[in-house]
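Examination of the molecular architecture
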Amino acid sequence: MAFDIEMIKEVYSKYPERIQKAREILNKPMTLAEKILYTHLWDNPAVENFERGKSYVDFDPDRVAMQDATAQMALLQFMQAGKSKVAVPSTAHCDHLIQARDGAADDLARAKSTSGEVFDFLSSVCDKYGIGFWKPGAGIIHQVVLENYAFPGGMMIGTDSHTVNAGGLGMVAIGVGGADAVDVMAGMPWELKFPKLIGVKLTGKLSGWTAPKDVILKVAGILTVKGGTGAIVEYFGEGAQNLSCTGKGTICNMGAEIGATTSTFGYDDSMRRYLNATDRADVVEAADQIAEHLTGDPEVYANPEKYFDQVIEINLSELQPHLNGPFTPDLATTVHDMKAAAAKNDWPTEIEWALIGSCTNSSYEDLTRAASIIKDATDKGLTVKSELGINPGSEQVRYTAERDGLFDIFGRAENIRIFTNACGPCIGQWDREGADKEKINSIVHSFNRNFKKRADGNPNTMAFVTSPEMVAAVAIAGRLDFNPITDTLTNSKGEEVKLSDPSGIELPKAGFDVKDNGYQSPAEDGSKIEVVVSPSSDRLQLLTPFEPWNGENIGGAKLLIKAHGKCTTDHISMAGPWLKYRGHLDNISNNLLIGATNAFNMESNKVKNQLTGEYGEVPATARAYKAAGVPSVVVGDHNYGEGSSREHAAMEPRHLGVIAVIVKSFARIHETNLKKQGMLGLTFANESDYDKIQEDDTFNFVDLADFSEEKQLTLEVVHADGSTDTIMLNHTYNEAQIEWFKAGSALNLIKAQNA
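Cut-off values and rules
Residues numbered from 1 in each chain as written. Predicted model: local features only at pLDDT ≥ 70, side-chain atom pairs only at ≥ 80, totals over all residues. Heavy atoms only, no water. Helix = DSSP H or I, 4+ residues; strand = E, 2+ residues; numbered from the N terminus. Rg over C-alpha atoms; globule rule 2.2 N^0.38 Å. Contact = heavy atoms within 4.5 Å. Areas by Shrake-Rupley, 256 points an atom, 1.4 Å probe, with all protein chains shown as cover. Lys, Arg positive; Asp, Glu negative; His and termini not counted. Charge placed at Lys NZ, Arg CZ, Asp CG, Glu CD. Phe/Tyr/Trp six-rings, centres within 6.5 Å; stacked < 30°, edge-to-face > 60°. Buried < 20%, exposed > 50% of the residue type's maximum accessible area, 1.4 Å probe, protein only. Core = buried A, V, L, I, M, F, W, Y, C linked by side-chain atoms within 4.5 Å. Pairing = 2+ DSSP bridges. Axes fitted to C-alpha atoms, helices over the stretch in contact; angles between N-to-C directions. Parallel < 35°, antiparallel > 145°, perpendicular 65-115°, else oblique. Left-handed = near helix turned anticlockwise from the far one by under 90°. Nonpolar A, V, L, I, M, F, W, Y, C, P; charged D, E, K, R; others polar. Right-handed = clockwise from strand over helix to strand, strands pointing away. Salt bridge = Lys/Arg side-chain N within 4 Å of Asp/Glu carboxyl O.

Re the overall build of the protein
- Looking only at helices and strands, one finds 25 helices and 30 strands in the protein.
- Taking 755 residues into account, the globule formula puts the C-alpha radius of gyration at 27 Å, and the protein, at 25 Å, falls close to it.
- When its C-alpha atoms are laid out on the principal axes, the protein stretches across 75 × 60 × 55 Å.
- Restricting to contacts in the protein with at least 6 residues of sequence separation, those with at least 24 account for 76%.
- When the accessible surface of the protein is totalled, it reaches about 26200 Å², and 45% of it is carbon and sulfur.
- Across the protein, the mean location of the 72 positive side-chain charges is 2 Å away from that of the 102 negative side-chain charges.

So this is what it looks like as structure tokens:
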């Protein structure tokens, strides 16, 4: 039986009436995204036709999911909200704090030792507040959610950008910061700007070496890393119905890499098969009763240009395998074109490491397709030349795969390591031998992100994103430019052999099985449970509320850094070794913007301290300004805050005295996180004004006292020579969000309302 089946049935019971009311308001056929959004309005039934990309709307999500790295800060904030129990079903998953090094058993044991304090904290908080807890080793949050919690037509938010993975089971699942999660867990509405809609029509059927991963790699190449910002991507068509449920999850998962709010597919037979296989026949029975409401209307899919803001069409029968990268997931190259691209760009073609797993591609089907390549190669007398690492998605997947002999097949590769059911190298939790030497090299993986330093901390590691079966093929050849469709390899007998096409098993023929899935139910009554945080801990720190705004204009602010080019949340608040401080705001603030490139010297973590005239590290400079009572400002380029949902990237500058982040454009989640923490997230009205910002600038916000909705702010920029520029700044704050700023943070406002 499914978790929370009664909640799911209640959601479905409201669907017909709410859809009908929405139809009366919209007066047109509805997309699936619209159906889910309108049935999950905070105030139902619908009385307004919301404007896409303009209207701020309050929603009522069905559940919340958190991973351990972000759950710490989310739950530290929730502890201040004055609630005795979460208002909606919620879970926390321990998957980020396990470093990949030696192999599953040793790595998991080491993580339990080094991060035991954090795991115990999360366990006790979950126990106290009625939150389901998934222990270390249970699996990667998004795979566990897909296996246990996701349901067609539901709405979920999660404190991880790849929460969108649940779109593979027909949800609108959205990555958020911890403060948003606190709102929902506290029983309050969750606000989102009503998304635009991008339709992707899939025709044909995948075959040969082309995988579901190639769909989103192709889409990323079309839309780029910011082309989906503010939009829900809805996949439909005959081709969509030909994909497996976990294949759909892969596509939705990596929608985060195009900036999409989320991605989703309509309810179909592949979802029924997956739900039944994961012991959720009760969800199928309930969903089938309202199946017409769990997909877009036929008229929408017949004439998509009339109902979507943008339409993309991809013929799966013609789609080619891709390897995207390096350093950005939207640099799309087909396998056919890789040889020429590598030569042109001087990409190293020798592959030392190939990695399979992450929340994007760690399902049973993914492992079977990769295993089929390893088996075919070794049967033909080939060896695996690259190091091969595998992270199964969950203990259920791992246990079933081991039972079915997949690890025996992988074991034919002598240089293989099976890592823990956890994120591992995908998020920088990889102790790769020799990475500190910063050698220029290439790796391939089936992950989602490939930003500089992302996997192993080496800025010179060029990571290429591809499907699990292509990772296996490249590992066998040991070369980035190997094309398994056309190229041959020399076996141990000196024969030229060609790899057979991959073959996979959608769902295990003997069913899924698991001995211990790693789930801990919360206590029925948590009132007697005490959550202890040691004042001397360097891993956990109780939060001190941010100071409210005094209502006056802010002047005399100094430039902390003008970031050049791509500045993701990885640049603002690195993961990897810093993950251990995710529950200690002061300690983790020592990584603030250390990965960003200073536009004035093109170096990282070296900025001018205007108080001393000397150059120093970004966090130290920010602390110097804060100690002197001087506010500071961060300036950035396009799509600032791209990537992970980690709210630390907003909390750290707030903690260290930054009052405003001024950029050409924001990634959605990061802009919201800044607002939630009581900061000014502003954009240049004229993008070229970015070029006017100089290294010794001082900033005066001359009309902040009149901060109001849809009114530009005026910034006086005073240069070192005494000259000034007046710059106009745009913002997207509504009245409620301005109240967050005034109160010092959204959490401060919640506490005041619950006082």
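A short note on the packing of aromatic side chains
- The full count for this structure, using the stated rule, is 26 aromatic pairs.
- Summarising the aromatic geometry, the rings of Trp353 and Trp430 are spaced 5.2 Å apart at their centres and angled 80 degrees between planes, so their arrangement reads as edge-to-face. Here Trp353, found in strand 14 (residues 351–356), pairs with Trp430, found in the loop between strand 16 (416–418) and strand 17 (441–445); they are 77 residues apart in sequence, far enough to count as distant. Neither Trp353 nor Trp430 differs from the other in exposure class; each is buried.

Re helix 12 (residues 281–288)
- Restricting attention to buried positions, one finds in helix 12 the residues Asp282, Val283, Val284, Ala286 and Ala287.
- Summarising the contacts, the buried residues of helix 12 are in contact with helix 1 (5–26) and helix 11 (269–277).

Some remarks on the nonpolar core
- Ranked by size, the top nonpolar core spans 180 residues in total, and within it Tyr12, Leu202, Tyr235 and Phe410 carry the most contacts.
- With nine residues, helix 1 is the single largest residue contributor to this core.
- The contacts of Tyr235, once residues within four sequence positions are left out, are Val200, Leu202, Val215, Ile216, Val219, Ala240, Ile251, Ser263, Thr264, Phe265 and Gly266.
- The next biggest cluster of nonpolar side chains, apart from the first, holds 26 residues, and it includes Trp549, Ala660, Leu680 and Phe699.

Overview of the sheet that holds strand 22 (residues 557–562)
- Around the barrel, seven strands lie side by side as 22-25-26-27-30-29-28; this closed barrel has mixed pairing. Going from strand to strand, the sheet's axes swing by 40 degrees on average, the running direction of each strand aside.
- When strand 28 (residues 698–701) meets strand 29 (residues 713–718), the two strands line up antiparallel, connected through four bridges. Each residue of the ladder has a partner; that of Thr698, found in strand 29, is Val718.
- Sitting on the sheet, helix 21 (residues 618–627) touches strand 22 and strand 25 (632–635), and the angle it makes with strand 22 is about 175 degrees.

Let's talk about the packing of helix 8 (residues 212–223) against helix 10 (residues 245–253)
- Two elements in contact, helix 8 and helix 10, have axes separated by 8 Å at closest approach and are oriented at 20 degrees. By the angle between their axes, helix 8 is roughly parallel relative to helix 10. The two elements helix 8 and helix 10 meet at a crossing, and its hand is right-handed. Touching Pro212, Lys213, Val215 and Ile216 of helix 8 are Gly247, Thr250 and Ile251, all from helix 10.
- When grouped by side-chain class, the residues that make up the contact of helix 8 with helix 10 number four nonpolar, two polar and one charged.

Description of the side chain of His655
- Here His655 is to be found in helix 22 (residues 648–655).
- You can call His655 buried: its relative accessible area is 16%.
- Ignoring any residue separated from it by four or fewer positions in sequence, one finds His655 in contact with Phe546, Leu585, Asp586, Ser589 and Lys626.

Brief notes about the sheet that holds strand 8 (residues 196–203)
- Ordered in space as 10-9-8-11, the four strands form an open sheet in which the pairing is parallel. Unpaired on one side and paired on the other, strand 10 (262–265) and strand 11 (310–315) mark the two borders of the sheet. In this sheet, neighbouring strand axes are inclined to one another by 20 degrees on average, regardless of whether the strands run parallel or antiparallel.
- For strand 8 and strand 11, the ladder comprises six bridges, and the chain directions are parallel.

Focus on the pairing of strand 3 (residues 90–93)
- Residue alternation in strand 3 divides its side chains into two sets, Ser90 and Ala92 and Thr91 and His93, and both sets are buried.
- Here strand 2 (residues 63–67) pairs with strand 3 via four bridges, running parallel. If you follow Val64 over to strand 3, its bridge partner there is Ser90.
- Each parallel crossover has a hand, and for strand 2 linked through helix 3 (residues 68–78) to strand 3 it is right-handed.
- The pairing of strand 3 with strand 4 (residues 132–134) spans three bridges and is parallel. Each residue of the ladder has a partner; that of Ala92, found in strand 4, is Phe133.

Considering the environment of Ala649
- Here Ala649 is to be found in helix 22.
- The exposure class assigned to Ala649 is buried, which follows from its relative accessible area of 1%.
- Residues Ala649 and Leu76 lie 573 residues apart in sequence; the distance between their C-alpha atoms is 16 Å.
- Apart from the residues within four sequence positions on either side, Ala649 is in contact with Thr569, Ile572, Ser573 and His670.

Quick notes on the packing of helix 3 against helix 7 (residues 178–185)
- Close contact between helix 3 and helix 7 brings their axes to 9 Å; oriented N to C, the two are set at 45 degrees. Here helix 3 is positioned oblique relative to helix 7, judged by the angle of their axes. Once helix 3 is placed against helix 7, the crossing between them reads as right-handed. Residue-level contacts link Ala74, Leu75, Gln77 and Phe78 of helix 3 to Gly178, Ala179, Val182 and Met185 of helix 7.
- Looking at the contact of helix 3 with helix 7, its residues break down into six nonpolar, two polar and no charged.

Considerations on the pattern of salt bridges
- The tally for this structure, following the rule as stated, stands at 41 salt bridges.
- In this structure, Asp297 engages Lys35 in a salt bridge whose closest nitrogen and oxygen atoms are separated by 2.8 Å. Highlighted residues: Asp297 in the loop between helix 12 and helix 13 (298–302) and Lys35 in helix 2 (residues 32–39), separated in sequence by 262 residues. Of the two residues, Asp297 and Lys35, neither departs from the other in class, the shared state being buried.
- Where Lys375 meets Asp379, a salt bridge forms, and the shortest distance between an N and an O atom there is 2.9 Å. A residue pair is termed a helical-turn pair when its members lie 3 or 4 positions apart in one helix, as Lys375 and Asp379 do in helix 15 (residues 364–379) at four residues.
- Lys375 sits in the partly exposed class, given a relative accessible area of 37%.
- Residues joined in a network through salt bridges with shared partners are Arg101, Asp102, Asp107, Arg110 and Asp431.

A look at the side chain of Glu34
- Mapping Glu34 onto the fold places it in helix 2.
- A relative accessible area of 3% means that Glu34 is categorised as buried.
- In contact with Glu34, not counting residues within four places along its chain, are Leu26, Lys28, Pro29, Arg52 and Leu197.

Section: unusual backbone geometry
- Asn44 connects to Pro45 through a cis peptide bond whose omega is 5 degrees.
- The residue Pro45 is located in the loop between helix 2 and strand 1 (56–59) in this model.
- The linkage connecting Gly325 with the following residue, Pro326, adopts the cis geometry, with an omega of 5 degrees.
- Tracing the chain through its elements places Pro326 in the loop between strand 12 (322–324) and strand 13 (332–334).
- For Phe327, which is not a glycine, the phi torsion comes out positive at approximately 70 degrees.
- Relative to the helices and strands, Phe327 is located in the loop between strand 12 and strand 13.
- Judged by relative accessible area, Phe327 falls into the partly exposed class, the value being 22%.
- A positive phi angle is found at Asn639, which is not glycine, with a value near 55 degrees.
- Tracing the sequence through the fold places Asn639 in the loop between strand 25 and helix 22.
- Residue Asn639 is classed as buried on the basis of its relative accessible area, which comes to 6%.

Just geometry here; none of it tells us what the structure is for.
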